[in-house]
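Examining the three-dimensional arrangement
Residues per chain are reported as follows:
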Amino acid sequence: MASSGSTLLLTLLLAVGLLFFLRAASKDRTTTVEVRSSRPALEVLPALISWLEQRGWRAAGGDPERRHLVYRAAVASSPALALLLSLLGSVGAACLGLVLRQLWPLLSWWPLLLALLGPLAGVLYRRRAQREEAVELRLISHDSATGSAVKLRAHRDELIALELELGPQLGLFSDANLLASPI
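Residues numbered from 1 in each chain as written. Predicted model: local features only at pLDDT ≥ 70, side-chain atom pairs only at ≥ 80, totals over all residues. Heavy atoms only, no water.

Section: the overall build of the protein chain
Here is the rule: Runs of H or I in DSSP of at least four residues are treated as helices and runs of E of at least two as strands, each being numbered from the N terminus. Summary of the burial criterion: residues with accessible area below 20% of their type's maximum are buried, those above 50% are exposed, and those between are partly exposed, where the area comes from a 1.4 Å probe applied to protein chains only.
For the protein chain, the count of helices and strands is 6 helices and 6 strands. Secondary structure elements of the protein chain occur, N-terminal to C-terminal, as α-β-α-β-β-α-α-β-β-α-β-α. Once the C-alpha set of the protein chain is aligned to its principal axes, its extents read approximately 80 × 30 × 25 Å. A burial count over the protein chain gives 33% of its 183 residues as buried.

Structure follows, in C-alpha coordinates:
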(Lines give C-alpha, C1' and ligand atoms only; values in the text may rest on other atoms or scores of the structure.)
Protein backbone atom coordinates (compact mmCIF):
# COMPACT_ATOMS: atom_id res chain seq x y z
CA MET A 1 0.00 0.00 0.00
CA ALA A 2 2.88 2.39 0.73
CA SER A 3 4.34 1.93 -2.76
CA SER A 4 0.92 2.58 -4.31
CA GLY A 5 0.64 5.81 -2.34
CA SER A 6 4.02 7.01 -3.56
CA THR A 7 3.09 5.97 -7.12
CA LEU A 8 -0.10 8.00 -6.78
CA LEU A 9 1.91 10.99 -5.59
CA LEU A 10 4.32 10.71 -8.53
CA THR A 11 1.45 10.33 -10.98
CA LEU A 12 -0.22 13.45 -9.58
CA LEU A 13 3.08 15.32 -9.86
CA LEU A 14 3.27 14.29 -13.52
CA ALA A 15 -0.24 15.67 -14.02
CA VAL A 16 0.84 18.96 -12.46
CA GLY A 17 3.86 18.97 -14.78
CA LEU A 18 1.56 18.50 -17.78
CA LEU A 19 -0.57 21.44 -16.64
CA PHE A 20 2.49 23.67 -16.33
CA PHE A 21 3.71 22.53 -19.75
CA LEU A 22 0.30 23.37 -21.24
CA ARG A 23 0.45 26.80 -19.67
CA ALA A 24 4.00 27.45 -20.90
CA ALA A 25 3.25 26.22 -24.43
CA SER A 26 0.53 28.83 -24.91
CA LYS A 27 2.12 31.66 -22.94
CA ASP A 28 2.37 35.10 -24.53
CA ARG A 29 6.04 35.86 -25.20
CA THR A 30 5.76 39.43 -26.45
CA THR A 31 9.07 41.27 -26.19
CA THR A 32 10.30 44.76 -27.00
CA VAL A 33 13.70 45.23 -28.57
CA GLU A 34 15.54 48.17 -30.12
CA VAL A 35 17.17 47.34 -33.43
CA ARG A 36 19.79 49.59 -35.03
CA SER A 37 21.19 49.73 -38.52
CA SER A 38 23.89 51.80 -40.15
CA ARG A 39 21.62 52.16 -43.17
CA PRO A 40 19.04 54.95 -43.52
CA ALA A 41 15.45 54.44 -42.44
CA LEU A 42 14.23 54.74 -46.03
CA GLU A 43 16.11 51.51 -46.74
CA VAL A 44 15.37 49.65 -43.50
CA LEU A 45 11.63 50.31 -43.08
CA PRO A 46 10.51 49.15 -46.57
CA ALA A 47 12.57 45.96 -46.16
CA LEU A 48 11.00 45.31 -42.72
CA ILE A 49 7.49 45.96 -44.06
CA SER A 50 8.06 43.73 -47.09
CA TRP A 51 9.42 40.93 -44.87
CA LEU A 52 6.40 41.17 -42.54
CA GLU A 53 3.94 41.09 -45.44
CA GLN A 54 5.69 38.04 -46.94
CA ARG A 55 5.21 36.25 -43.62
CA GLY A 56 1.45 36.96 -43.61
CA TRP A 57 1.27 40.06 -41.44
CA ARG A 58 -1.21 42.73 -42.53
CA ALA A 59 -1.15 46.45 -41.81
CA ALA A 60 -3.51 47.35 -39.00
CA GLY A 61 -2.91 51.04 -38.56
CA GLY A 62 -0.47 53.21 -36.76
CA ASP A 63 0.30 56.83 -36.05
CA PRO A 64 2.38 58.74 -38.62
CA GLU A 65 3.09 61.59 -36.20
CA ARG A 66 4.66 59.17 -33.71
CA ARG A 67 6.29 57.17 -36.56
CA HIS A 68 4.47 54.07 -35.35
CA LEU A 69 3.16 51.13 -37.44
CA VAL A 70 1.10 48.13 -36.34
CA TYR A 71 0.80 44.79 -38.14
CA ARG A 72 -1.49 41.94 -37.11
CA ALA A 73 -1.77 38.25 -37.94
CA ALA A 74 -3.60 35.22 -36.61
CA VAL A 75 -1.20 32.75 -35.05
CA ALA A 76 -2.06 29.08 -35.37
CA SER A 77 -1.31 26.39 -32.85
CA SER A 78 0.94 23.47 -33.71
CA PRO A 79 -1.08 20.36 -34.65
CA ALA A 80 1.87 18.12 -33.79
CA LEU A 81 2.17 19.62 -30.30
CA ALA A 82 -1.60 19.33 -29.79
CA LEU A 83 -1.41 15.66 -30.73
CA LEU A 84 1.57 15.07 -28.43
CA LEU A 85 -0.18 16.79 -25.53
CA SER A 86 -3.33 14.71 -26.16
CA LEU A 87 -1.27 11.53 -26.16
CA LEU A 88 0.59 12.53 -22.99
CA GLY A 89 -2.67 13.48 -21.31
CA SER A 90 -4.26 10.14 -22.23
CA VAL A 91 -1.29 8.09 -21.05
CA GLY A 92 -1.01 10.09 -17.84
CA ALA A 93 -4.74 9.80 -17.11
CA ALA A 94 -4.61 6.06 -17.81
CA CYS A 95 -1.69 5.74 -15.38
CA LEU A 96 -3.65 7.65 -12.77
CA GLY A 97 -6.59 5.31 -13.40
CA LEU A 98 -4.36 2.26 -12.91
CA VAL A 99 -3.01 3.63 -9.65
CA LEU A 100 -6.51 4.41 -8.41
CA ARG A 101 -7.59 0.90 -9.42
CA GLN A 102 -4.69 -0.54 -7.45
CA LEU A 103 -5.49 1.56 -4.36
CA TRP A 104 -9.24 0.92 -4.42
CA PRO A 105 -10.00 -2.44 -6.11
CA LEU A 106 -13.73 -1.96 -5.48
CA LEU A 107 -13.75 0.65 -8.26
CA SER A 108 -13.17 -2.16 -10.76
CA TRP A 109 -11.90 -0.82 -14.10
CA TRP A 110 -13.84 2.44 -14.05
CA PRO A 111 -10.81 4.62 -13.24
CA LEU A 112 -9.30 3.69 -16.62
CA LEU A 113 -12.00 5.82 -18.22
CA LEU A 114 -9.92 8.79 -17.06
CA ALA A 115 -7.83 8.17 -20.20
CA LEU A 116 -10.74 9.60 -22.20
CA LEU A 117 -9.97 12.98 -20.63
CA GLY A 118 -6.49 13.02 -22.18
CA PRO A 119 -7.44 14.71 -25.47
CA LEU A 120 -8.63 17.69 -23.42
CA ALA A 121 -4.96 18.65 -23.05
CA GLY A 122 -4.66 19.08 -26.83
CA VAL A 123 -7.96 20.95 -27.02
CA LEU A 124 -6.92 23.33 -24.25
CA TYR A 125 -3.58 23.97 -25.92
CA ARG A 126 -5.18 24.67 -29.32
CA ARG A 127 -7.73 27.01 -27.80
CA ARG A 128 -5.13 29.01 -25.85
CA ALA A 129 -2.43 29.07 -28.53
CA GLN A 130 -4.63 30.34 -31.38
CA ARG A 131 -4.78 34.08 -31.07
CA GLU A 132 -4.16 37.26 -32.95
CA GLU A 133 -0.77 38.82 -32.39
CA ALA A 134 0.71 42.16 -33.32
CA VAL A 135 4.05 43.50 -34.46
CA GLU A 136 4.61 47.14 -33.61
CA LEU A 137 7.35 49.19 -35.25
CA ARG A 138 8.36 52.62 -34.07
CA LEU A 139 11.06 54.62 -35.80
CA ILE A 140 13.22 56.12 -33.07
CA SER A 141 15.92 57.85 -35.07
CA HIS A 142 16.46 58.31 -38.75
CA ASP A 143 19.62 60.35 -38.90
CA SER A 144 21.51 59.76 -42.15
CA ALA A 145 24.85 60.13 -40.37
CA THR A 146 24.23 57.62 -37.58
CA GLY A 147 21.80 55.30 -39.38
CA SER A 148 18.41 54.31 -38.07
CA ALA A 149 16.94 52.82 -34.94
CA VAL A 150 13.62 51.00 -34.75
CA LYS A 151 11.84 49.81 -31.63
CA LEU A 152 10.03 46.53 -32.29
CA ARG A 153 7.41 44.91 -30.08
CA ALA A 154 6.42 41.40 -31.14
CA HIS A 155 6.49 37.74 -30.23
CA ARG A 156 9.97 36.65 -29.31
CA ASP A 157 10.17 34.02 -32.08
CA GLU A 158 9.22 36.61 -34.70
CA LEU A 159 11.93 38.96 -33.48
CA ILE A 160 14.51 36.16 -33.60
CA ALA A 161 13.47 35.26 -37.17
CA LEU A 162 13.71 38.91 -38.17
CA GLU A 163 17.17 39.27 -36.68
CA LEU A 164 18.43 36.06 -38.30
CA GLU A 165 16.91 36.64 -41.75
CA LEU A 166 17.19 40.41 -42.18
CA GLY A 167 20.11 41.11 -39.86
CA PRO A 168 22.92 40.38 -42.32
CA GLN A 169 21.06 41.91 -45.28
CA LEU A 170 20.27 45.24 -43.59
CA GLY A 171 23.10 45.38 -41.09
CA LEU A 172 20.68 45.11 -38.18
CA PHE A 173 22.03 44.70 -34.70
CA SER A 174 20.53 44.75 -31.24
CA ASP A 175 21.78 43.85 -27.80
CA ALA A 176 21.60 40.15 -28.91
CA ASN A 177 19.66 39.09 -25.80
CA LEU A 178 17.07 37.41 -28.00
CA LEU A 179 19.56 34.95 -29.43
CA ALA A 180 21.44 34.40 -26.15
CA SER A 181 18.59 33.64 -23.76
CA PRO A 182 17.07 30.15 -23.87
CA ILE A 183 13.49 31.28 -23.17
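Here's the deal with the pairing of strand β3 (residues 68–75)
Defined as follows: Between any two strands, pairing holds if DSSP finds at least two bridges.
When strand β2 (residues 58–63) meets β3, the two strands line up antiparallel, connected through 4 bridges. Its bridge partner lying in β3, Ala59 is registered against Tyr71. With antiparallel pairing between neighbouring strands as the criterion, β2 and β3 make up a hairpin whose turn holds 4 residues, including Arg67 at a positive phi of roughly 55 degrees. Note that β3 and strand β4 (residues 131–141) share 8 bridges and pair antiparallel. Looking at β4, one finds that Ala74 is bridged to Glu132.

Thoughts on the pairing of β4
Across a regular strand the side chains alternate sides, sitting on one face of the sheet and then on the other. With 5 bridges joining them, β4 and strand β5 (residues 148–155) adopt antiparallel strand pairing. Paired with Arg138 across the strands is Lys151, a residue of β5.

Structural notes on the sheet that holds β2
Strands in a sheet are paired, the pairing made by backbone hydrogen bonds, and the direction either parallel or antiparallel. Read from one edge to the other, the open sheet built from 6 strands follows the order β2-β3-β4-β5-β1-β6, with strand pairing classed as antiparallel. The sheet is open, and its two edges are formed by β2 and β6 (172–173), each paired on a single side.

Quick word on helix α2 (residues 41–54)
As a reminder, the rule being used: Residue count minus one, scaled by 1.5 Å, sets the expected span of a helix. Working note: the arc is built from the helix axis to C-beta atom directions. Contacts were defined at the residue level, with two residues in contact if any of their heavy atoms lie within 4.5 Å.
A rise of 1.5 Å per residue sets the reference length of α2, with its 14 residues, at 20 Å; its end C-alpha atoms lie 20 Å apart and thus fit the reference within 8%. Along α2, the positions that sit buried rather than exposed are Ala41, Val44, Leu45, Ala47, Leu48, Trp51 and Leu52. Buried residues along α2 cover an arc of 165 degrees about the axis, so they all sit on one side. Facing away from the buried surface of α2 by more than 90 degrees, the exposed residues are Leu42 and Gln54. Residues of α2 that are buried sit in contact with β1 (30–37), β3, β4, β5, α5 (156–170) and β6. Of the residues flanking the end of α2, it is Gly56, one or two places downstream, whose phi is positive at about 95 degrees.

Some thoughts on the packing of helix α3 (residues 79–103) against helix α4 (residues 119–129)
Helix packing for two helices is described by the angle between their axes and how far apart those axes are. Which entries qualify depends on this criterion: In this description, a line fitted to the C-alpha atoms serves as the axis of each element, helices being fitted only across the stretch in contact, and the angle between N-to-C directions of two axes falls anywhere from 0 to 180 degrees. A clockwise turn of the near helix away from the far one marks a right-handed crossing, whereas an anticlockwise turn of less than a right angle marks a left-handed crossing. Nonpolar residues are Ala, Val, Leu, Ile, Met, Phe, Trp, Tyr, Cys and Pro. Charged residues are Asp, Glu, Lys and Arg, and all others, Gly as well, are polar.
Between α3 and α4, the least distance of the axes is 6 Å, while the angle of their chain directions is 145 degrees. Handedness of the α3/α4 crossing: right-handed. Contacts from Pro79, Leu81, Ala82, Leu85, Ser86 and Ser90 in α3 reach Pro119, Ala121, Gly122, Tyr125 and Arg126 in α4. The residue makeup of the contact of α3 with α4, split by class, is 7 nonpolar, 3 polar and 1 charged.

Any functional reading would require information that these geometric values do not contain.
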